Structures are given as structure tokens and as C-alpha cells.
Amino acid sequence: MREITHKIWNFLENFHLTTIDIFFKKVYTVFMAIYEHKKQFTIKYCDSDFRDEMKTSVGLALMEEVACSSADELGFGYAYVKPRGYAFMVTNICCEFFSPVRLGDTVTLKTWPTPPSRVIFGREYQFLSTEGEPLINATSRWCLYDLNEGKLLQSKVIDNQDYSAYNTTKLFEDVKWKIPTFSQDEGELRFTMTVANSEYDHNMHVNNTRYADYCLNCFSVQELSAMRLRRFSITYVKQCKEGDTLRFYRKKTEDGGYLVQGFNQNGETVVQSMMYFVVDGQ
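Presented here is a report on the structure given in the accompanying data block. Worth saying up front: this structure is predicted, and the values here are computed from it rather than measured.

**Side note on the pairing of strand 4 (residues 121-128)**
Then comes step 1: The buried count for strand 4 comes to eight of eight residues, which makes it a mostly enclosed element.
Then comes step 2: Side-chain alternation along strand 4 places Phe121, Arg123, Tyr125 and Phe127 on one buried face and Gly122, Glu124, Gln126 and Leu128 on a second face that is also buried.
Then comes step 3: Of the strand pairs in this sheet, strand 3 (residues 106-114) and strand 4 are connected by seven bridges, and their pairing is antiparallel. Paired with Thr114 across the two strands is Gly122, which belongs to strand 4.
Then comes step 4: Across eight bridges, the pairing between strand 4 and strand 5 (residues 134-146) is antiparallel. If you follow Leu128 over to strand 5, its bridge partner there is Pro134.
Then comes step 5: Where strand 4 hands over to strand 5, the hairpin turn is made up of five residues, of which Gly132 adopts a positive phi near 85°.

This is the structure in C-alpha cells:
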């Protein structure tokens with residue numbers, strides 16, 4: 001599929017629009033309008049929590065996996081950004097859980113990019129059972145970062161994409177990306193840690209998936225045994241580095257949800273999360 005996409009794109013780039021060129025451009029437009037990248041995964045022992053269900057952090061890791069392989073397929077993945085000194089970094093994720101993904105389950109995870117704004121790249125995800133039933137819907141926002149200059153880059157910097165042809169389907173009608181903040185005095189300290197090398201990815205900071213574990217560590221086994229995660233939103237505010245001391249505070253919201261906020265040793269917010277649970281069995 002990647003080779004087909006590149007051939008079509010190169011054809012359009014190198015030739016003047018004749019009748020046949022217009023035909024191929026229409027083919028490319030139709031292809032991208034329905035584009036979905038799919039992968040199958042089987043949930044292993046190390047992917048599961050104390051309930052023999054997929055950890056939230058593992059779900060985020062699988063989403064990162066398909067996002068990267070989709071970007072590779074479309075021609076703007078790691079092989080494209082690394083030589084240019086760029087990196088994609090996720091800024092926000094929102095997930096809605098319909099049914100648990102259990103140990104041994106085989107799921108299909110599909111993803112597609114949506115048309116970006118000036119600096120924000122959107123991406124949708126859906127976990128499907130073997131029967132094709134939705135298990136989890138998710139959406140995310142990413143930015144493209146210049147590692148050498150230390151600044152955000154505009155989406156037009158990627159020169160091999162026709163964003164106007166992208167799949168515009170969104171799984172959420174309205175996502176409130178802004179998570180309410182609170183001070184340390186307003187919350188309850190629930191978890192403390194010091195960042196070490198095992199938290200790192202190749203961008204030389206804590207990988208985004210690890211923060212899901214940190215936030216859920218603000219709940220006890222007893223609490224999580226009695227309720228099930230229904231909706232999980234997370235915003236990445238500040239990169240964390242080796243040696244940083246992180247403190248995670250929890251606060252209950254008026255509508256029955258929970259806010260979790262992580263602070264570094266300087267008192268700066270590094271991550272925010274909002275979670276809603278349902279009583280187990282509902």
C-alpha cells in the first residue's frame with residue numbers, strides 16, 4: 001500500500017495535469033478519503049493487569065505502534081522525520097471504553113490521520129473484536145517538533161502529503177481537550193516517583209504511554225476492583241527527564257469523575273488526566 005501511495009504521489013508531482021493525470025489524482029483522493037491502517041494484536045500476559053485485562057498504558061502503546069506504522073506507510077514516518085531532525089510528539093489523547101479487552105483476546109486496531117490544522121495533527125483509532133464490534137474508540141492530537149531548533153513546525157513542512165484528500169471521519173462528536181487544573185493543595189498526594197532510564201524513548205524523554213500507569217497508580221487495587229474505566233483523557237504538558245521527581249495528586253470532580261495531575265520537583269505541571277469510571281458490572 002505504501003508503494004502504491006508513493007507511486008501515485010510521485011506521478012502527480014512530476015507530470016502536468018492531463019486527462020490521465022486527473023484520473024490518477026481522483027484515484028488518490030478516493031484512496032485517502034477512505035484510508036484506514038489496520039493491525040492485529042493478541043493480548044499477552046505482560047500486557048494484562050490484575051484483572052487479566054489490557055492495561056490502559058498498553059492500549060496507548062498499541063495506538064502509538066499503529067500510528068507510527070501508518071505514518072511509515074503514508075511516507076512521513078520515522079524514516080522521513082529523523083534525517084530532518086524532526087519528531088512527532090503526542091499532546092492529547094482521549095479514549096472511550098465500551099468492553100474490556102482481555103488476556104488472550106485478538107483485536108484489530110485501525111487508525112487514520114485527519115486533516116491537520118496549522119500545527120496540530122489529528123489521528124483516530126478504533127479497537128475491534130474478532131466479530132467487528134467496537135471495544136475502544138480513541139482520538140489524539142500530535143505536533144511536529146524541530147529537535148535542533150526547539151520549536152513547533154507547521155504541517156506544511158511535510159511536503160509529500162495532500163491533506164485536502166484525508167479521511168475526515170471522527171469518532172467523537174465533541175472532545176473537551178482542556179482538562180481543568182488544580183493546585184497541589186487542592187488535591188490528595190497519591191503517588192511519587194523518580195524518572196529513570198527505563199521510562200525513556202528515542203526522543204530522550206519519558207514515553208507518553210508511561211504516564212497512563214502513573215495516573216492510574218493514584219488508585220488502589222481495591223478501588224479499581226470495584227469500578228471500570230469508561231473514559232480516559234490525558235494532556236501532556238511538559239517533557240520529563242531522567243532524575244525528575246514526580247508527584248501525582250488526585251481530586252474528585254463534582255460530576256463523579258477524577259482529575260489527576262503530575263507535578264515535577266519545581267512545582268510545574270507535567271501531565272493532566274481526567275477519568276470517569278462505572279461501577280463494575282454496569
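That was the structure; now back to the text.
**Describing the layout of surface pockets**
The gaps of empty space that remain are located by a probe, the size of a water molecule, rolled over the atoms.
Then comes step 1: Of the volumes computed, that of the largest pocket is approximately 850 Å³.
Then comes step 2: The wall of the largest pocket is formed by 41 residues, among which Phe88, Met89, Val90, Trp142 and Asn203 lie closest to the centre.
Then comes step 3: Secondary-structure elements contributing two or more residues to the lining of the largest pocket are helix 3 (56-74), helix 4 (78-81), strand 2 (86-97), strand 3, strand 4 and strand 5.
Then comes step 4: With six residues, the top contributor of residues to the lining of the largest pocket is strand 2.
Then comes step 5: A class-by-class count of the residues in the lining of the largest pocket yields 25 nonpolar, 10 polar and six charged.
Then comes step 6: Size it by volume and the second largest pocket reaches roughly 650 Å³.

Criteria and thresholds
Residues numbered from 1 in each chain as written. Predicted model: local features only at pLDDT ≥ 70, side-chain atom pairs only at ≥ 80, totals over all residues. Heavy atoms only, no water. Buried < 20%, exposed > 50% of the residue type's maximum accessible area, 1.4 Å probe, protein only. Helix = DSSP H or I, 4+ residues; strand = E, 2+ residues; numbered from the N terminus. Pairing = 2+ DSSP bridges. 1 Å grid on protein atoms, 1.4 Å probe; cavity = no way out; pocket = protein on both sides within 12 Å on 5 of 7 lines; lining within 4 Å. Points joined across faces, edges and corners; volume = space filled by probe spheres on them. Nonpolar A, V, L, I, M, F, W, Y, C, P; charged D, E, K, R; others polar.

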